[in-house]
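Structural description and commentary
Chain by chain, the residues:
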Amino acid sequence: PRSDCIAAQQLCLSDSTCNATYRILENCALAKTRFLPLDHDSRVRCLNAELDLGNSSLLHCKCHRRMKRQEHCLRVFWTVHSSMTDGYFNLETSPYENPANEEHWKTDYNKLAALLSGKDCSQLAGDATNPCLKATHVCNLSKKCVRLRTDYASICTKGAGSEDTCDRRKCHRGLRNFFEKVPEDFTKRILFCPCQDELCGERRRKTIVPDCSFQYNTKPNCLWLLDSCLEDHICKSRLADFQQNCQPADISPDGCSQHNHAACLQAYMGMIGTPMTPNYISNSSLEVSLWCTCESSGNQKEKCDQILGMFESNKCL
């Protein structure tokens, strides 16, 4: 049976043969993260170590999006699968458990929304025309939702707009906390609220406080953004998850190779709060993008365009 990677690692380390194999893979993974070139013999040794795990539970372990010690679990996964990270388009296996296999919590969203509609309507003027405002009001009725939303908003607005004072790492951590710990009933409605006018669209675009979480003073190259993502276990994992669940397919009627839009939207939300945080590009459309450019990419322009195109022109997303 598939286990989580922390349990599988403990099992492996208690067996001398498996332990020795795992230590080889740790060195291989370390060389990869430091971009140290491996000679032919080292590459063969790394691949053999991966093959030696055979049917070990380590080879088939996964992580949960909302688990404690998630970074530890992901580090184990990428140690065992370090050969998969040779190139960007090899990140096709998500380290995360299929959303359908994860426990789904019951939420009081509908109850709170009903409670809201029973309130004095004059208090909530604009709710009917601004679904983003309504989603925020419902979030405000949930202690957990309002607390975690207030947390990231206060971190991300501190000194926003000036790179010296906005703590992007803390802002990203606050956003990840919100999207991981608040039930999707709340987070999806806040992030994907259907807007008919620019006022609503502006509110939706500003959901993630883009001045701090999304924009730099100047747009970096998308390849630089990718490199900083691949150096980070969480970002690399979320990117692999996004690639797997939002893989476009031209021949498919719904544009998705997995035919699962809910999983794609969940994977998209997982990218928020990472170095490759996406967002809406304007307050008048549903188009999303990364904050980066492919100018001055030299002979890697095609690869750069593919990274940007995953968000800008992804039929599945």
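So, here's what we can say about the structure. Since we're looking at a predicted model, the values are computed, not measured. (Residues numbered from 1 in each chain as written. Predicted model: local features only at pLDDT ≥ 70, side-chain atom pairs only at ≥ 80, totals over all residues. Heavy atoms only, no water.)

**Here's the deal with the pattern of salt bridges**
For the structure shown, the criterion picks out nine salt bridges. Across the salt bridge formed by R23 and E26, the nearest N and O atoms sit 2.9 Å from each other. With a gap of three residues between them, R23 and E26 both fall in helix α2 (residues 16–33), about one helical turn apart. On the basis of relative accessibility, which here comes to 38%, the residue R23 falls in the partly exposed class. For E26, a relative accessible area of 30% puts it in the partly exposed group. (Salt bridge = Lys/Arg side-chain N within 4 Å of Asp/Glu carboxyl O. Helix = DSSP H or I, 4+ residues; strand = E, 2+ residues; numbered from the N terminus. Buried < 20%, exposed > 50% of the residue type's maximum accessible area, 1.4 Å probe, protein only.)

**Examining the state of the cysteines**
In total, this model carries 14 disulfides according to the counting rule given. The disulfide partner of C132 is C193, and the S-S distance across this bridge is 1.9 Å. Here C132 and C193 share a disulfide; its torsion about the S-S bond, 90°, makes the bridge right-handed. Of this pair, C132 sits in helix α6 (residues 131–140) while C193 sits in the loop between α9 (184–191) and α10 (198–205), and the two are 61 residues apart along the sequence. Of the two residues, C132 and C193, both sit in the buried class. Put simply, C166 and C212 are joined by a disulfide, and their sulfur atoms are 1.9 Å apart. (Disulfide = S-S within 2.5 Å.)

**Looking at the side chain of D241**
Locating D241 in the fold gives a position in helix α13 (residues 233–245). Those residues in contact with D241 that sit more than four places away from it in its chain are R65, S94, Y96 and A267. (Contact = heavy atoms within 4.5 Å.)

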